[in-house]
Amino acid sequence: MRAITTLSLAASVFASLALSIRVSPTANGTLSLNNSYNYIVVGAGIGGLVVANRLSENPSASVLLIEAGDLDDRAEDVSVPGNIGFEDPRRYEVKMDMTAQEFLDGKTRTFSQGKVIGGSTIINGLVWTRGSVADYDAWEHLGNPGWGWSDLLPYFRKSESYSTPVYNESVREAPVPAHPAMGKHGEQGPVEIGYPNYFYNQSYNFLDGIQELGIPANKDINSGNATGASIVPSSMTAKNQSRSDARTAYLDPVLERPNLHLVTGYTVTRILHTNDGVIFSNATRSFGNTGINVTGVEFATNSSAKRFTVACENEVILAAGAIFSPVLLQISGIGPAELLHSLGVNVAVDLPGVGSNYQDHPTLQPVYEYTAPDVFSAWDIVGSTRDAVREEYLANRTGPWTAPMVNAVALPALGWVTDRLQEWLDEAANTTGNLPASYDSTLREGYVAQQRELISLLARTDTPVYEVMSTSWGQLAVSSMQPFSRGTIQAKSPSIFENSSPIVDPRYCSHPIDCEVLLLGVAFNDQLIQTPPMAALMPVPPPGFGIPDARNKTALGEAMRKRITSGFHPSGTTSLLPRDLGGVVDPSLKVYGTQNLRVVDAGIIPLIPGAHIQAAVYAIAEKVYADINGKPQAADIIKAEGSKGFRSTKPWPNSFRDSRVRTSETFPRSRRVPWLTAARNRA
């Protein structure tokens, strides 16, 4: 196996400095933590890092961030866009098995998520898309005031620093030029959004071929109109041409805040509350609100290790992701009563929606290998070619290593790829009996409401039915963008350590229209590879996907079902919906039946947008902790509820350097934690 190397000495120094920020156990195994914190954030993916950053802007608010993973090492398999899909940073992944997929081929699938500071933004494909205006307006239609497109747009903008491609020669030469829509993008946000300095010629062939099939060009796929053929931006730095992730965006710049403490390598085992008998004398109860009061969390490194507990004075914010947030709720007594009884867990809040409404973008990834002799692809970057490509990248930040796996996509509306639009809509509306048996009446009512919105979305021309993603070597991956199928996430044990792979059942194609959509996408690929621009690449379809195979819909469907797997966008399992529609959190993202517990991750998404979801999760987390025109939103409610008794709400200066003498008066010895060291070099 090739040794993993870092980009430069600076990056190596950066990594070693960053590793020193952790609050580590002492020689006798104890942690030098405060006895209590104003806020405890569980999970350091997108939601957790954004929340921890924004909460700790108030110097008087103490914030503890707990993450089961570690800090990444900024090695080339993580930070170099051109290594995506080839280098496997599995040391930062947790792999999980799905249940046998009865509506596909009866076999299990394996998928992974990030287990690292930054979560899946450390290992994802960088694609930065938002979805359509209608995607988010549907959230509001489902009973969530303040969560439409116009409400979220300021937070899409706040999260990003969008580098215009005007001066990027590769983008200027593309058949579909990229021009950001005015007023739709941020310029000073933490996450850097850019374009690579190199495009493979095959991307141009793909975009030309797509347009020959009648799919129009879209100069800005993130403007709110989400259909068309497009060059997609990536979460990467324009200057350094490297990955921009939640850690570099939201954690590294604030490491000098002494009120923000980070614990890595520890897993939260339970959320503690007044119903489980664990009550801290210094925990704050929110009088006037109904529901259980969350008093803190319990955490440990493994099942046999010492358990630590820490109290929260204001709130616990759960940001463990759409898989593990519902599991942690369930084993803490918050979830469907029947499931909790089967686990031997006392029911604190009977909340049927916890772990239900599970959504994902079902995806298949056929490779139509390009065999034309003049084709150069990422597959050719081996041996001496790899050495030359690497040298160019390190010296100039140019060349093939700047290009991520996917930078050209097609997102057609349903009406563009079928002349039977109304028949499709009728089929989607009339299918019944496709929900899990465990769904109660509230979840079924919630699904009926979602189904109405989905049918409306499919009828539009600005919302895609599927996505085709092109790679340099001929992969034309197809994802269903408006899935009707719903699944479940369930704990299989009351111990979090026996749930490293919980019961994950996405139930792909339990609503048959999802497979029909994918079949439509495969047929589209068949037409695409026959257009002159694509035929010039001499593509060779994989077995079962050839042109003759496409004429046999039954055989093609069987071949396709064997390949369908996760789009790596799990969501919906702690949905933002009214409680009588199966919801788990209210519009302030507070968990129903609790006074001071919120969820801030992809699980709150009530209806998955027709897009890659990282941009949406950044916006969700930013929205929870910001103002709109001075009116309090969810985060302002948190800040307002928690600011009583704080000495100051004045934020840290941007160039904060703490020069105070570290005495017991500044930080009492009994509550002192190791000082956090800032990493000044940023990749």
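Right, let's walk through the structure included here.

1. Concerning empty space enclosed by the protein
The gaps left among the atoms become clear once a water-sized probe is rolled over them.
Here comes step 1: Counted under the stated rule, the structure contains 6 cavities of 30 Å³ or more.
Here comes step 2: The computed volume of the largest cavity comes to approximately 90 Å³.
Here comes step 3: In terms of lining residues, the largest cavity is bounded by 16 residues, among which Tyr-200, Ala-403, Pro-404, Met-405 and Ser-472 are the most central.
Here comes step 4: Of the residues in the lining of the largest cavity, the class split is 10 nonpolar, 6 polar and no charged.

2. Details of the pattern of salt bridges
Pairs may arise between side chains of opposite charge once their charged atoms sit close together.
Here comes step 1: A full pass over the atoms with the stated rule returns 19 salt bridges.
Here comes step 2: A salt bridge links Glu-622 to Lys-158; the shortest N-O distance between them is 3.6 Å. Of this pair, Glu-622 sits in helix 19 (residues 614–624) while Lys-158 sits in helix 5 (residues 149–159), and the two are 464 residues apart along the sequence.
Here comes step 3: Sharing partners across several salt bridges, the network here consists of Asp-72, Arg-74, Asp-245, Arg-247 and Asp-252.

3. As for the state of the cysteines
Put plainly, two cysteines are in a disulfide when a covalent bond ties their sulfur atoms together.
Here comes step 1: Taken as a whole, this structure holds 1 disulfide when the rule is applied.
Here comes step 2: Two residues, Cys-509 and Cys-515, share a disulfide whose sulfurs are 2.2 Å apart. Measuring handedness by torsion sign, the sulfur bridge of Cys-509 and Cys-515 sits at about 95° and is right-handed. Each member of the pair, Cys-509 as well as Cys-515, is classed as buried.

4. Comments concerning the environment of Tyr-37
Here comes step 1: Checked against the element boundaries, Tyr-37 lands in strand 1 (residues 36–42).
Here comes step 2: Sequence spacing of Tyr-37 and Cys-312 is 275 residues, and the spatial spacing of their C-alpha atoms is 5.0 Å.
Here comes step 3: A distance of 3.0 Å separates the side chain of Tyr-37 from the side chain of His-261, its partner in a polar contact.

5. Remarks on the packing of helix 13 (residues 421–430) against helix 14 (residues 441–458)
Here comes step 1: At a closest axis distance of 10 Å, the pairing of helix 13 and helix 14 adopts a crossing angle of 170°. Accordingly, the angle class assigned to the pair helix 13 and helix 14 is roughly antiparallel. Residues Leu-421, Leu-425, Ala-428 and Ala-429 of helix 13 pack against Gln-451, Ile-455 and Leu-458 of helix 14.
Here comes step 2: Its residues placed into classes, the contact of helix 13 with helix 14 shows 6 nonpolar, 1 polar and no charged.

6. Observations regarding the side chain of Gln-359
Here comes step 1: Topologically, Gln-359 is positioned in the loop between strand 13 (349–350) and strand 14 (363–364).
Here comes step 2: For Gln-359, a relative accessible area of 1% corresponds to the buried category.
Here comes step 3: Not counting the four nearest positions on each side in its chain, Gln-359 is found in contact with Gln-450, Arg-486, His-569, Pro-570, Ser-571, Gly-572, Ile-605, Pro-606, Leu-607 and Ile-608.

7. Observations concerning the nonpolar core
Here comes step 1: Formed by 168 residues in total, the largest nonpolar core has its most connected members in Phe-206 and Phe-299.
Here comes step 2: Each residue touching Phe-206, except ones within four places of it in the same chain, is listed here: Ala-408, Val-409, Ala-410, Val-468, Ser-470, Leu-476, Leu-528 and Met-534.

8. Quick look at the packing of aromatic side chains
Here comes step 1: Enumeration according to the criterion identifies 17 aromatic pairs in this entry.
Here comes step 2: Plain terms: the ring middles of Tyr-250 and Tyr-618 are 5.9 Å apart, the flat faces sit at 20° to each other, and that makes the pair stacked. Here Tyr-250, found in helix 8 (residues 246–251), pairs with Tyr-618, found in helix 19; they are 368 residues apart in sequence, far enough to count as distant. Take Tyr-250 and Tyr-618: they sit in the same class, and that class is buried.
Here comes step 3: Each residue in the set Tyr-136, Trp-139, Trp-149 and Phe-156 is aromatic and connected to the rest through ring pairs, giving one cluster.
Here comes step 4: Lying across the ring of Trp-147, Lys-623 places its NZ or CZ 4.3 Å from the centre.

9. A look at helix 15 (residues 513–528)
Every α-helix winds through 3.6 residues per turn, so residues three or four apart in the chain are directed the same way.
Here comes step 1: For helix 15, which comprises 16 residues, the first-to-last C-alpha distance of 22 Å matches the rise-based estimate of 22 Å (1.5 Å per residue) to within 8%.
Here comes step 2: Among the 16 residues of helix 15, 13 are classified as buried, and the element is accordingly described as predominantly covered.

10. Concerning the sheet that holds strand 17 (residues 466–470)
Pairing between sheet strands relies on hydrogen bonds along the backbone, with the strands arranged either parallel or antiparallel.
Here comes step 1: With antiparallel pairing, 5 strands are arranged side by side in an open sheet as 7-16-17-18-14. The open sheet has two free edges, formed respectively by strand 7 (228–231) and strand 14, since each of these has just one partner strand.
Here comes step 2: Pairing between strand 14 and strand 18 (residues 476–480): 2 bridges, direction antiparallel. When the bridges of strand 18 are listed, Thr-363 appears paired with Ser-479.
Here comes step 3: Sheet strands touched by helix 7 (residues 201–212): strand 7, strand 16 (408–411), strand 17 and strand 18. Its angle to strand 16, the strand with the most contacts, is close to 20°.

Reading the values: the criteria
- Residues numbered from 1 in each chain as written.
- Predicted model: local features only at pLDDT ≥ 70, side-chain atom pairs only at ≥ 80, totals over all residues.
- Heavy atoms only, no water.
- 1 Å grid on protein atoms, 1.4 Å probe; cavity = no way out; pocket = protein on both sides within 12 Å on 5 of 7 lines; lining within 4 Å.
- Points joined across faces, edges and corners; volume = space filled by probe spheres on them.
- Nonpolar A, V, L, I, M, F, W, Y, C, P; charged D, E, K, R; others polar.
- Salt bridge = Lys/Arg side-chain N within 4 Å of Asp/Glu carboxyl O.
- Helix = DSSP H or I, 4+ residues; strand = E, 2+ residues; numbered from the N terminus.
- Disulfide = S-S within 2.5 Å.
- Buried < 20%, exposed > 50% of the residue type's maximum accessible area, 1.4 Å probe, protein only.
- Polar contact = N/O pair within 3.5 Å; in protein donor to acceptor, adjacent residues only side chain to side chain.
- Axes fitted to C-alpha atoms, helices over the stretch in contact; angles between N-to-C directions.
- Parallel < 35°, antiparallel > 145°, perpendicular 65-115°, else oblique.
- Contact = heavy atoms within 4.5 Å.
- Core = buried A, V, L, I, M, F, W, Y, C linked by side-chain atoms within 4.5 Å.
- Phe/Tyr/Trp six-rings, centres within 6.5 Å; stacked < 30°, edge-to-face > 60°.
- Lys NZ or Arg CZ within 6 Å of the ring centre and 35° of its normal.
- Expected span 1.5 Å × (residues − 1).
- Pairing = 2+ DSSP bridges.

Note that all results are geometric; they support no functional claim without further evidence.
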